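# Observations on the three-dimensional arrangement
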Amino acid sequence: MKNIAALMLISSIALVSCKKETKTITKVDPKTGKTVTVEVPADSVAKVAENPAIKDSLGIYTQTFKLEKGKTYPLTTYQRDTKTMTDPQGKTINGTSEATDEMNFTVNDIKGNVYDLTLNLVGKRNSQTAQGKTVIVDTKLAIPKEDDLKMIWNINKALTGNKLNMKMDTKGNVISITGFDAIYAKVSKAVGTLVKEANQRESVVASLKESFNEKVLKDQFSKNLTIIPKKGAKIGEKWTNTENADPTGSIKVTSNYVLKSVGNGVAEISVTGGIPKKTEKKAQGPITHSMSSELVQNGTVKFDQNTGWITNQNITVKTTQIETISDGKQTQSMKSVSNSSVMVNPSAK
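Note that this is a predicted model, so its numbers are computed, not measured.

Parameters and conventions
Residues numbered from 1 in each chain as written. Predicted model: local features only at pLDDT ≥ 70, side-chain atom pairs only at ≥ 80, totals over all residues. Heavy atoms only, no water. Core = buried A, V, L, I, M, F, W, Y, C linked by side-chain atoms within 4.5 Å. Buried < 20%, exposed > 50% of the residue type's maximum accessible area, 1.4 Å probe, protein only. Helix = DSSP H or I, 4+ residues; strand = E, 2+ residues; numbered from the N terminus. Contact = heavy atoms within 4.5 Å. Pairing = 2+ DSSP bridges. 1 Å grid on protein atoms, 1.4 Å probe; cavity = no way out; pocket = protein on both sides within 12 Å on 5 of 7 lines; lining within 4 Å. Points joined across faces, edges and corners; volume = space filled by probe spheres on them. Nonpolar A, V, L, I, M, F, W, Y, C, P; charged D, E, K, R; others polar. Polar contact = N/O pair within 3.5 Å; in protein donor to acceptor, adjacent residues only side chain to side chain.

Attention now goes to the nonpolar core. In globular proteins that are soluble, nonpolar side chains generally tend to be buried together. The biggest cluster of nonpolar side chains holds 54 residues, and the ones touching the most others in it are Leu67, Leu75, Phe212, Phe221 and Trp309. Top element by residues in this core is helix α3 (residues 180-192). It accounts for six residues. The contact partners of leucine 75, leaving out residues within four places of it in the chain, are Asp101, Met103, Asn104, Phe105, Phe221, Asn224, Leu225, Trp309, Ile310, Val344 and Asn345.

Here it is, written out as structure tokens:
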């Protein structure tokens, strides 16, 4: 009996020692949309600062930035596009392209509510696969042997390894980005090794200036770094952003955002929307030509609650385009479907 009692005592001690500490957290039930309180293991709960960058006041969450001097924050963008084209005879052609831009931001100084940052351009990678063949242009690899890829590699290589200076306030407003002229000069020199004609060299640099300048980067960072409205948002609240999808402004992309949850160190926002299906028809005599297009997007964006910095974005975008020609007796159609993954700081591709 003593042995049995001893065994029972040992068992009860073991059970007590194995019992994990729990912590109560509040989150939104994805099925009902209601706020619920649940118990979770204490070691699964991230530490949240007493005064985090993303915090609520009377249930309204606002986003600011609380970055540390001397620390570096990543912003790697990745996009993968898979395109399938189907001709009138039903034959399909598939192609895949990938693009990665690796950069990060180092906090040099903080004066008042303004950050002095160094934008480090770390690396660029592009790849295309079609008909069983893959070509890669990667600044971390050797220059490609193909002549038509050497120019791209030279430009990308000249772009990376550079630094820009950026001023941003604690609300995420980018005040200035400087240092472009030195990069343009570096690219011009790199292009000069392959292009001897001065006019062609100037044309390449002019084209780069249109896509890589202060305004373009400001627009990119404003979309990536801050999503929660300046006025703030409640859990479950929806807001919408519309922007031009073409230079004329006749086609608009709508992004619908919902603040899904804030807690456990993470603020999560869902993204939906796109471009509604649109069909245009033109007739010339007995021939009718029609074009329909549609874009649908869906995904999530996550921010670190303590710093306000984006930790991950994963959005899928599906674009469908159908071109049809008919003479009233016969109809032929060409279909193009593109499935894209648009990520920021991807943990896996």
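Strand direction decides the pairing type here: strand β13 (residues 252-263) and strand β14 (residues 266-284), joined by nine bridges, are antiparallel. Note that in β14 the partner of threonine 254 across the bridge is glycine 274. As consecutive antiparallel partners, β13 and β14 are separated by two residues, and within that stretch asparagine 264 has a phi angle of approximately 55 degrees, a positive value. Here β14 pairs with strand β15 (residues 287-304) via 17 bridges, running antiparallel. Looking across to β15, one finds that valine 266 is bridged to aspartate 304. Counting the residues between successive antiparallel strands, the hairpin from β14 to β15 contains two residues, one of them, glycine 285, with a positive phi of roughly 65 degrees.

Right, let's get into the pairing of strand β10 (residues 162-169). Moving residue by residue along a regular strand, the side chains alternate between the two faces of the sheet. As defined by bridge partners, strand β8 (residues 114-130) adjoins β10 across eight bridges and the pair is classed as antiparallel. Bridge pairing in β10 links asparagine 120 to lysine 163. Where β10 and strand β11 (residues 174-178) come together, four bridges link them in antiparallel fashion. Looking at β11, one finds that methionine 168 is bridged to valine 174. What sits between β10 and β11 in their antiparallel hairpin is a turn of four residues, with glycine 172 showing a positive phi close to 90 degrees.

A volume near 1000 Å³ is recorded for the largest pocket. Surrounding the largest pocket, 31 residues form its lining, Lys223, Asn224, Glu243, Gln313 and Val342 being those nearest its centre. Elements with a minimum of two residues in the lining of the largest pocket: β6 (77-86), β7 (92-111), α5 (214-225), β12 (238-244), β13, β15, β16 (310-326) and β17 (331-344). Residues that form the lining of the largest pocket fall into these classes: 15 nonpolar, 12 polar and four charged.

Further remarks concern the side chain of asparagine 345. By the element assignment, asparagine 345 lies in the segment after β17. Engagement of the side chain of asparagine 345 in a polar contact is seen with the backbone oxygen of isoleucine 310, the distance being 3.2 Å. The residues touching asparagine 345, leaving out its near neighbours within four places in the chain, are Pro74, Leu75, Thr76, Trp309, Ile310, Thr311 and Asn312.

Here glutamate 294 lies in strand β15. Considering only alpha carbons, one finds glutamate 294 and glycine 274, 20 residues apart in sequence, at a separation of 7.8 Å. Discounting residues that sit within four places of it in the chain, glutamate 294 has contacts with Ile275, Pro276, Lys277, Lys318, Thr319 and Thr320.

The quantities given are spatial measurements derived from coordinates; they are silent on function.
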